[in-house]
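# Commentary on secondary and tertiary structure
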Amino acid sequence: MFPQFGATADSLSKASSLVLRIGTDAHLYDDPDDVNIAPLLDSRFDSEKCEALKRLLALIAQGADVSNFFPQVVKNVASQSLEVKKLVYLYLLHYAEKRPNEALLSINCFQKDLSDTNPLVRAWALRAMAGIRLHVVAPLVLVAVSKCARDPSAYVRKCAAYALPKLHDLHQEESTSLEEFVDVLLGDNSPGVVGAAATAFKSVCPNNLLLIAKNFRRLCETLPDVEEWAQIVLIEILLRYVVARHGLVKESTMLCSDSQSDKDSAAHGNMTYNNCGDGGEPSDFKLNRMMLRYYIEGQDRYLSQSGYITGNNNKLDGLVLTTSQNDDVDILLQCTSPLLWSQNSAVVLAAAGVHWIMAPREDVQRIVKPILFILRSSHAAKYVMLCNILVFAKTVPSLFAPHYEDFFICSSDFYQHRTLKLEILSTIATESSIPAIFEEFQDYIKDPNRRFVVDTVAAIGLCVQRLPTVATTCLEGLLALVVYESSVNNSCQIDGEVGVLVQAIMSIKAIIKLDPASHEKVIVQLAHKLEIIKEPAARAMIIWIFGEYNSVGKIIPRIVPNVLKYLAWSFVSEELEAKLQILNAAAKVVLCTHGDDLSTFKKILGYIVELAKADYNYDVRDRARVVAKIIPCNDIFPSQDNTSCSLEDTKVHHELVEAMFSGNIPPMSYSANRLRIYLPGSLSQIVTHAAPGYTPLPKPSFLLTDGLGLREFEHGAVEHAGRTEPSNSFDVNDSDNSSGSSMDESGSVYDSRGSIFSLADSEATGFASDTNNNVQNLGAEDNQEVPLVHLSDASVDHGQTRENNEGNTSMFTSTDLTGLMSTSALESWLDQQTTLPSVHNSEQSSSARISFNDHNIEVKPKLHVLLDPANSNGLRVQYAYSSEVSTISHLLTCVELFFENVTTEILTNIAVKDGDSSGNVEPVDEVPKETTSLLSSNEMTKVLPVEEIASLHPQQTIKKLLQVHFGHHVVPLKLAVFCNGKRHSTKLWPEIGYFLCPWSIDMKAFLDMERQLPGMFEYAKRCTYKDHIQELEHKEQTALQHDKILIVSQSIASKMLSNANLHLVSMDMPISFRIDDASGLCLRFSSQILSSSKLCLITIIAEGKLSGTLDVTIKINSEDTVFALNLLNRVATFLQ
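Residues numbered from 1 in each chain as written. Predicted model: local features only at pLDDT ≥ 70, side-chain atom pairs only at ≥ 80, totals over all residues. Heavy atoms only, no water.

## Points about the overall build of the chain
- A count of helical and extended segments in the chain gives 42 helices and 24 strands.
- A sequence separation of at least 24 residues applies to 70% of the contacts in the chain between residues at least 6 apart.
- Working note: accessible area of the chain is about 50800 Å², and carbon and sulfur atoms make up 51% of it. (Helix = DSSP H or I, 4+ residues; strand = E, 2+ residues; numbered from the N terminus. Contact = heavy atoms within 4.5 Å. Areas by Shrake-Rupley, 256 points an atom, 1.4 Å probe, with all protein chains shown as cover.)

See the structure below:
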C-alpha cells in the first residue's frame, strides 16, 4: 500500500541477522582482511591485539595462509592479558610445524608460564608445548609433563594427561617414562584427571594392564563421576582387565550350556530347521561360540585357524573361566549398571556391552529397557543401537521377544532403520507375537516405497522359516501377492513392482524347501501361473521349483508332461535365465522318471537341447552341450557318437549327474562375513569390517594371580602350573568350509543392508580378490606393456570383495551397480541416504564387461574471460586452465592466457602481475634463480613473472603460460593487467579440478588403494547427466554405425578431463543384449592433490538408458576430507 514504507523479506532477514550478531565476533568472518592487521598486532592496547588475533584466526578458519604474521604474533606470547595469551597459543599451535624455527623462540615463554600462579596459564602453556610437534622440543615437553602431573590444580593435571598421547607419538622411545606418568595420573583423586588418564592409557600403553590392577577398585568407584566420553574409554579398559585377569564368566550368554540354550529357544518357538546345526545343536548356541571366539581372537586369527563353526566339538578346552560371584566381576557389573541410564547413548551402549559379555544369562535382561529407550533419540544413535540390537537378538531371541512392538515401523524412520527393524522382527517372532507382526506386515506391503515392500516380503519368508506352523497362512498371502503383482506388471510397468514379485516367489521357494511334500498344491499353482507371469527372473525361479520337486507327491507327476511341453514350446521366446532353468528342469525330470513317460520326456529333452544348441547366447549353447553329454543319450541324440554314452554305467558318471542335477542342498550355516560379530559399541560393528584402531579382547587369563602379585606373560601363550597352553585355547571349528550356497539354493538372503537378490546361476561363484598387494607398487612397471582391452567377468558379489585366505574382508564399491549397496550401511549412518538401484536394474546388469585403459578422449578446455575488451581499450584476455604440471613447484597452477587485439591499433607493453602489489612489471626472459627458493618458503609469490608483450598487432593473438599460487581453492586471485601504460584490475577464479595432477596407475593398483580408503575417506553423491544425448543424435545423422555405449563413455570422460587434471585409469563398459542399457558403465580417474600430495580417486558409475538422462553416482576416495567434499560438489556441478 505504501511502498516507501515497505520492506522486502530479504531486507527483513538481513536486519534480523544483524540484530542477532550484535555483541558477537561474527562480523570478523565477513571480511577478515578489511583492515590492516600488522599495526594492530604492534599496538599498545590489548583490545586491538585481540581484534587482530581474532581476524587471523578467522582467516585460518577460511583456509587462508597467514603464517607471514608469525614473528609479530610470537612476540605477543609474553603478554599479561589472558585473552591475548590464549589467542596467541591457538595461532602458534596451528603454524608451529610450518615455522619450527620461530616456534622455538617462544619455548622460553612457555616454560616461564609453567610457573605462573594462574592454573589456566600453566595449562595453556603445557597444551601449547605439547602441540608443537618437533623432536627438538620433546625432552622439554617431557620435563613439563612430569612437573604438571603433580600440579596442585586438577585442570593442569588433566592437561598433562592429554599431553601424554601427543608426546608418545613424538617420543616413543620414552614409553617407560610415559607409563610411569600414566600410573601416577590413574591414581589421582579427581574424576576429570582419571578420565584423561584413561584416554592416555589407551594411547600410550593399552596392553600394560598391570597398571589397572593397582587401582581397579578405585577406578570402578570413580567411573560414574568421570565425564561421559572418558567413561566409554574407562569402561573398555576395565572390561579388558577383568577378562585378562579372571577370564570369562561361565554363566554368561556367551558360554551358556547346550541344554539351557535348547530350553530357551524351544520356549520361544525358535527351535526349527533354521536353528539347528548338523548335529542337532541349536544354532543360537553355535552363534554364541562363534561370536565369543571372534571377540577374543579377532578377525585375522579367527579366519586363519578355523574360518567357520562345526558341530563336532563345542567344548572350550583350555579356557580359564570364572563365576559371576568373583569380586572384580561383581564390582564391574555394579559400577556400570547406573550408566545404563546415562544421557549419552554411547555410554549406554558401552555399559550394555559389559553386561552382554560378563553378566550371567539371567541378568542380561537389565540392558533391554535402556537400549530400547535410546531408540527414541537421534537418527544416528538409533541406527547404531539397532545394529547392536540385531546382534543381541540373533544370539538370544528371547531377550527382545516381549518387546516386539518397539520395532514396528514409524513413518519417520529412514530406510536403513526399517530394514534393521524388519530383520529384528523376523528374528524375535514367537508363536504368540506372530499374528500381530503379520498384521503389521500387511500394512507395510501397501507402502509406496517398493524397496521397503521387497524387504517386508523377505521378512515374511524368514518368519515362516523360524515358525513353520504359520506356513500355510503365509503361502496363501504370498500367492495372492504374486497374482496381484503379475497383473500389475502386465498392465503397466511401475518401478519396484518387479522386485516385489521376484521376492515373493523367493520367499515361497524358501518356505517350500522346509517341507516340499506338504506344499505340492502350491507348486502346482505356481506352475499354472507361468502363463500370466512374464518377468524372466520370476519365471526362472518357478521353473527351478518345478524341476527340483517334479517327483514330489501325487499331483505334481501328473502335470509334469503338460508343463514340460509348455516349456519346450515357449523356449525360443524365453529370456536367458529362463532358458537355462528349462534345460536344468528337463534334465531333472528325465533323471527322476522311471516309468512309461521316460521316452516322452527324453524326446522333449532332445527337442529342447536341439533348440538350445542353435540359440544366440553362448551360455545356453554350452549348457545344452553339457546336458547332451552327461544325460543318457542313446535314444535322444542318435547323431552323436557313443563315446560319451559309454560312461553312463560307471559309478563316477552316475555320481556326477546326481551331484549336478539332483544333489541335496546343504543347510545354511553362520558365516563370520555375514554377521556383525565385532565388540558391541565399536565402529567396526557398524561398518562390518575391522576399523583402524580396533583390537579384540585380551586372551582370558592373560594376567594370572601368583601369590603376592601379578605376573605378566607374553601375548600368544599362557604358562600356568608348569605347562604351556597353545595359542588356540578354543577347540571350536566351523561346520562348513564353503561360503554357502547361491541365492537359487538358499532362498531369501536378508540382512541389515536390505534385501539383496542374485539371479545368477547357482554354479557361478565369482572370483577371489587379491588384497595382499604392497601399496608401494601402485604404478604399472615401465617395461611391462599394459593391454588395451581387458575382458573380465563381473560377478563381483554385490560390490563386496571376496575374502582371501588371509581373511581380509575389506569392502569396496565394485563396478557393478549393485556395488552401491556395499556402502549403504555406512552412508546411512552418516545421514547420507544412498539410493540403491532397483532390483529390476540389478537383474538386467551385465555379467561381463570390457575395460579400456588407453583412450583417445577429446579434451576441450573451457575458456573464461579475464579482461573484457570494452573495459581495456580493445584488449581481450581469456584464460583456460592447463593440464601441464609446473616444474618449479608443486604448489603452482598453470593457466594459459590468450591476449587478442580487437582494435585497429597496435597495443604495447602488455603484462600481467599480482593485483596486490604495486608498480610496473619488469620484462623477464626466464624464471629467475631466486624463484625456486622463494617458492619453497611459506611466503610464496602468488603470481610468477611472465614475459612482457612488447606489441600486439590488430587481430593478433598471443598465448602465454601463467603460473600462479592460489591461497585457497575457493578464494579468487587478484590480478592486474597492464596495457599502454594503464592498469586494469581483475580476478582469476580458481578451478578446484586443476589443483590436482594426474597420477598414472593401473586398474589393480586403483582397486588396492580404493580398498585402503573406505568409510570416513569415501564420499559419494548422485546427479544426472544428459550431455551425451546431443552427441548421440549427431552420430545417428551420419551414415556410419557407432557404438552408443562407447560414445557415452567418451562423452563422460571428455567432460571430466576437460574440467579437471586427471588420469583416466579405465572405462568399464558392460556387455549387454539390451542395446539401450547403460547400467554398469564405470569410469575411474586417479590424481594427486598438489598441496598435500595425497591420492584422490574418482569413480563415476552410470545407470539408465543411453537415449535418455543418465543417473550418475560420483564417488571420491581421499584422505583430504575438505578438499574431497569440495571436489565432489564441483564434479557434480559440471556433470549435470
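## So, the sheet that holds strand S11 (residues 864–867)
- Read across the sheet, 4 strands follow the order S11-S12-S13-S16 without closing on themselves; strand pairing throughout is antiparallel. Looking along the sheet, the strands with just one partner apiece sit at the ends: S11 and strand S16 (957–964). The sheet shows a mean angle of 30° between the axes of neighbouring strands, taken without regard to direction.
- One ladder, built from 3 bridges, connects S11 with strand S12 (residues 875–881); its direction is antiparallel. Residue pairing in the sheet places His864 in a bridge with Tyr879 of S12. (Pairing = 2+ DSSP bridges. Axes fitted to C-alpha atoms, helices over the stretch in contact; angles between N-to-C directions.)

## Some remarks on the packing of aromatic side chains
- The final tally for this structure, using the stated rule, is 17 aromatic pairs.
- Summarising the aromatic geometry, the rings of Tyr91 and Tyr95 are spaced 5.1 Å apart at their centres and angled 50° between planes, so their arrangement reads as tilted. Of the two residues, Tyr91 and Tyr95 both sit in helix H5 (residues 82–95), 4 residues apart, roughly one turn of that helix.
- Assessed through its relative accessible area of 0%, Tyr91 is described here as buried.
- Judged by relative accessible area, which is 1%, Tyr95 ranks as buried.
- Ring geometry for Tyr881 versus Tyr994: centroids 5.3 Å apart, planes at 20°, classification stacked. Taken together, the residues Tyr881 in strand S12 and Tyr994 in the loop between strand S18 (982–988) and strand S19 (996–998) connect sequence positions 113 residues apart. (Phe/Tyr/Trp six-rings, centres within 6.5 Å; stacked < 30°, edge-to-face > 60°. Buried < 20%, exposed > 50% of the residue type's maximum accessible area, 1.4 Å probe, protein only.)

## A few points about unusual backbone geometry
- For Gln955, which is not glycine, the phi torsion reads 60° and is therefore positive.
- Within the fold, Gln955 resides in the loop between strand S15 (949–952) and S16.
- Positive phi, normally seen in glycine, also occurs at Asn980, with a value near 55°.
- When you line up the elements, Asn980 lands in the loop between strand S17 (973–979) and S18.

## Considerations on the nonpolar core
- Counting residues in each nonpolar core, the largest one holds 227 residues, and the members touching the most others are Tyr91, Ile212, Met358, Phe400, Phe407, Phe441 and Ile631.
- Excluding anything up to four places from it in sequence, Tyr91 contacts Leu56, Leu57, Ile60, Val66, Ser67, Phe69, Phe70 and Val73.
- Tyr879, Leu973, Tyr1019 and Met1056 belong to the second largest nonpolar core, which has 67 residues in total. (Core = buried A, V, L, I, M, F, W, Y, C linked by side-chain atoms within 4.5 Å.)

## Re the packing of helix H10 (residues 154–170) against helix H11 (residues 175–186)
- The N-to-C vectors of H10 and H11 enclose an angle of 155°; their axes lie 11 Å apart at closest approach. On the basis of their axis angle, the class for H10 and H11 is roughly antiparallel. The two elements H10 and H11 cross, and the hand of that crossing is left-handed. The segment H10 lies against H11, with Arg157, Ala160, Ala161, Leu164, Leu167 and His168 engaging Leu178, Phe181, Val182 and Leu185.
- When its residues are assigned to classes, the contact of H10 with H11 shows 8 nonpolar, 1 polar and 1 charged. (Parallel < 35°, antiparallel > 145°, perpendicular 65-115°, else oblique. Left-handed = near helix turned anticlockwise from the far one by under 90°. Nonpolar A, V, L, I, M, F, W, Y, C, P; charged D, E, K, R; others polar.)

## Details of the pattern of salt bridges
- Considering all chains together, one arrives at 29 salt bridges under this definition.
- For the salt bridge of Lys85 with Asp113, the shortest nitrogen-to-oxygen distance reads 3.4 Å. Taken as a pair, Lys85 in helix H5 and Asp113 in helix H7 (residues 107–113) lie far apart in primary sequence, 28 residues in all. Taken individually, Lys85 and Asp113 each receive the classification buried, so the pair is uniform in this respect.
- We note a salt bridge from Arg1022 to Glu1103, for which the minimum N-O separation is 2.5 Å. Of this pair, Arg1022 sits in strand S20 (residues 1018–1025) while Glu1103 sits in strand S23 (residues 1095–1103); the two residues are 81 residues apart in sequence, bridging distant segments of the chain.
- Connected through shared salt-bridge partners, Lys202, Glu236 and Arg240 make up one network. (Salt bridge = Lys/Arg side-chain N within 4 Å of Asp/Glu carboxyl O.)

## Digging into helix H9 (residues 138–148)
- Taken together, the buried positions of H9 are Ala138, Val141, Leu142, Ala144, Val145 and Cys148. End-on view of H9: buried residues confined to an arc of 165°, all on one side of the axis. (Arc of directions from axis to C-beta.)

## Overview of the pairing of strand S22 (residues 1081–1089)
- A large share of S22 lies buried, amounting to 9 of its 9 residues.
- Burial along S22 is two-sided: the residues Leu1081, Leu1083, Phe1085, Ser1087 and Ile1089 and Cys1082, Arg1084, Ser1086 and Gln1088 are all buried.
- Where S19 meets S22, 3 bridges bridge the pair, whose relative direction is antiparallel. Across the sheet, Pro998 pairs through a bridge with Ser1087, a residue of S22.
- Summarising the sheet, strand S21 (residues 1063–1070) and S22 pair through 5 bridges and their orientation is antiparallel.

## What about the confidence of the model for the chain?
- Across the chain, the average pLDDT comes to 75, with 70% of residues at or above 70.
- Predicted confidence is poor over residues 306–315, with pLDDT under 50, and the contacts of this stretch with residues over four places away or in other chains come to 39 contacts.
- Under a pLDDT of 50 for its full length, residues 669–673 has, in the predicted model, 19 contacts with residues more than four places off or in other chains. (pLDDT = per-residue confidence, 0-100.)

## What about H10?
- For H10, which comprises 17 residues, the first-to-last C-alpha distance of 25 Å matches the rise-based estimate of 24 Å (1.5 Å per residue) to within 8%.
- Remark: the principal bend of H10, roughly 30°, maps to Leu164, with a proline, Pro165, within the next four residues.
- Turning to H10, its buried residues are Val156, Arg157, Cys159, Ala160, Ala161, Ala163, Leu164, Pro165, Leu167, His168 and Leu170.
- Elements that come into contact with the buried residues of H10 comprise helix H8 (119–131), H9, H11 and helix H12 (191–204). (Expected span 1.5 Å × (residues − 1). Bend = angle between axes of the 7 residues up to and from the residue.)

## With respect to the pairing of strand S13 (residues 893–901)
- Two strands pair when backbone bridges link them, and S12 and S13 are joined in this way by 7 bridges, in the antiparallel orientation. Residue pairing across strands places Arg876 opposite Glu900, the latter belonging to S13.

## Considerations on the sheet that holds S17
- Spatially, S15-S14-S17-S18 is the arrangement adopted by the 4 strands of the open sheet, whose pairing is antiparallel. Strand pairing shows two members of the sheet lacking a second neighbour, S15 and S18, which therefore form its edges. Strand-to-strand twist in this sheet, taken as the mean axis angle between neighbours without regard to direction, amounts to 30°.
- Looking at chain direction, S17 and S18 are connected through 7 bridges and run antiparallel. If you follow Phe978 over to S18, its bridge partner there is Arg983.

## Here we look at the packing of helix H14 (residues 228–246) against helix H18 (residues 327–336)
- Running from N to C, H14 and H18 point in directions that differ by 165°, and their axes come no closer than 10 Å. As summarised for this structure, H14 and H18 are arranged roughly antiparallel, according to the angle between their axes. Read as a crossing pair, H14 and H18 show a hand that is left-handed. Every residue of H18 that contacts H14 at Ile235, Leu238, Leu239, Tyr241, Val242, Arg245 and His246 is listed here: Asp328, Val329, Leu332 and Thr336.
- The residue makeup of the contact of H14 with H18, split by class, is 7 nonpolar, 2 polar and 2 charged.

## Some details on the environment of Arg1011
- Checked against the element boundaries, Arg1011 lands in helix H39 (residues 1003–1011).
- Of the residues examined, Arg1011 reaches a relative accessible area of 9% and is grouped as buried.
- Taking the C-alpha atoms as reference, Arg1011 lies 9.3 Å from Asn1117; in sequence the two are 106 residues apart.
- Reaching out from Arg1011, the side chain makes a polar contact with the side chain of Asp1008 at a distance of 2.4 Å. (Polar contact = N/O pair within 3.5 Å; in protein donor to acceptor, adjacent residues only side chain to side chain.)

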